[in-house]
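# Close look at the chain arrangement
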Amino acid sequence: MPDLSGKVAIVTGAGRGIGREHALALAAAGAKVVVNDLGGTLAGEGSDLSPAQQVVAEIEAAGGRATADGENVADFAGAGRMVEHAVSEFGRLDILVNNAGILRDRMLVNMSEEEWDAVITVHLKGHFAPTRHAAAHWRERSKAGEELRARVINTSSPSGVFGNVGQTNYGAAKAGIAGFTLIAAQELARYGVTVNCIAPNARTRMTEETFDMGDAPDGFDPLDPANMSPVVVALCADEAQCITGQVFHVWGGAVNALRGWTAGELFDSPERWDADKLLAGLRERFPDGAAPEGMVAGMQKAGGRSLRTAS
Ligand SMILES: NC(=O)c1ccc[n+]([C@@H]2O[C@H](COP(=O)([O-])OP(=O)(O)OC[C@H]3O[C@@H](n4cnc5c(N)ncnc54)[C@H](O)[C@@H]3O)[C@@H](O)[C@H]2O)c1
């Protein structure tokens, strides 16, 4: 395992599920960890510091160092306090894992404004706000002459990169997080910060309350949330300095470096297209039509399977 001793990490939404595993894995690799979790329901209601405190107790029982943080990642000032918490408690920040999230699934035709706003805010602003404050901390250290090897690991979703029915709010936020990763990677490279992203798949309260997943199989469980964390630990190693702006789909032992929006079918004309001619060109090039394949087909091509048929 890469040696992360001396490094300080924040993991958001680390009181449960995938974030908890990231926090345990980073601590096992030697990092000091700020275990952030607001502790609300899956829909994002209420707050409770005890899930974060329990993870801190687990890390300390294993001989590691950690502190609990109950800030709301989507609150800009709160995200700033979370970064300050890392610095005041452990003296610095090296790693930010943006993982906190909620769900409010609904078909588009029935979705309320509130369901849209809540999910977009927690995920998209909940990635922007901590990253913005961490970036200011790193710029200050870089300008003072320090050579940094800092890390941001974001959390997208198969829903965002492949598209899942019933999740226009969540999928749009998660696609936005993939785009945010690309731009932040380019902007922060000058300070020695890499920015990558995972699109995870795991058995947590989020998926158990959404899909009929069945029980974990005997032996290796591809949907054990701990399967998501080796990618994070590897990307946090000093030796991963050259890997940035990537989105990794993770399903069990299959880690797929995805290719996102990239150049595809070119319809080229030396002058402005005539709409009739362009339409004819589209119909000729796509004789069977053109439509998204959906999330399950995308996951299968990336080395995974449907969560419903996992076990
Ligand atoms: N489980 C999967 O298969 C899967 C698939 C794709 C993406 N994801 C993403 O992985 C991340 C972790 O999800 P999970 O499955 O572990 O779910 P989870 O519900 O078990 O954990 C999410 C945690 O985030 C915390 N949280 C929510 N809003 C917060 C806020 N505003 N501030 C601070 N903490 C907050 C919750 O209290 C919770 O403990 C999420 O971003 C989710 O969208 C999960």
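Above: the structure in question.
A brief look at the structure comes next. (Residues numbered from 1 in each chain as written. Predicted model: local features only at pLDDT ≥ 70, side-chain atom pairs only at ≥ 80, totals over all residues. Heavy atoms only, no water.)

## With respect to the sheet that holds strand β4 (residues 95-97)
Across the sheet, 8 strands lie side by side as β3-β2-β1-β4-β5-β6-β7-β8; this open sheet has mixed pairing. Each edge of the open sheet is held by one strand with a lone partner, namely β3 (66-69) and β8 (254-257). Going from strand to strand, the sheet's axes swing by 20 degrees on average, the running direction of each strand aside. The pairing of β4 with strand β5 (residues 150-155) spans 3 bridges and is classified as parallel. Along β5, the bridge assignment pairs Leu-96 with Val-152. The strands that helix α3 (residues 76-90) touches are β1 (8-11), β2 (32-36) and β3; relative to β3, the one it contacts most, it runs at about 150 degrees. Against the sheet, helix α8 (residues 229-236) touches β4, β5, β6 (193-199), β7 (247-251) and β8, its axis set at about 155 degrees to β5. (Pairing = 2+ DSSP bridges. Helix = DSSP H or I, 4+ residues; strand = E, 2+ residues; numbered from the N terminus. Axes fitted to C-alpha atoms, helices over the stretch in contact; angles between N-to-C directions. Contact = heavy atoms within 4.5 Å.)

## Side note on the site of the ligand
As a structural note, the neighbourhood of the ligand is formed by 31 residues, with Asp-37, Asn-72, Asn-99, Tyr-170 and Thr-204 the closest of them. The contact in question runs from a nitrogen atom of the ligand to an N or O atom on the backbone of Leu-38, over 3.2 Å. A distance of 3.1 Å separates a nitrogen atom of the ligand from a polar backbone atom of Val-73. Coverage of the ligand by the protein amounts to 98% of the 820 Å² it exposes when considered alone. (Near = heavy atom within 4 Å. Polar contact = N/O pair within 3.5 Å; in protein donor to acceptor, adjacent residues only side chain to side chain. Areas by Shrake-Rupley, 256 points an atom, 1.4 Å probe, with all protein chains shown as cover.)

## Considerations on the pairing of β1
Within a regular beta strand, the side chains point alternately toward one face of the sheet and then the other, so they alternate between its two faces. Burial along β1 is two-sided: the face carrying Val-8 and Ile-10 and the face carrying Ala-9 and Val-11 are both buried. Bridge count between β1 and β2: 4 bridges; the pairing is parallel. Following the sheet pairing, Ala-9 is matched in β2 by Val-33. Running through helix α1 (residues 17-28), the crossover from β1 to the neighbouring parallel element β2 is right-handed. (Buried < 20%, exposed > 50% of the residue type's maximum accessible area, 1.4 Å probe, protein only. Right-handed = clockwise from strand over helix to strand, strands pointing away.)

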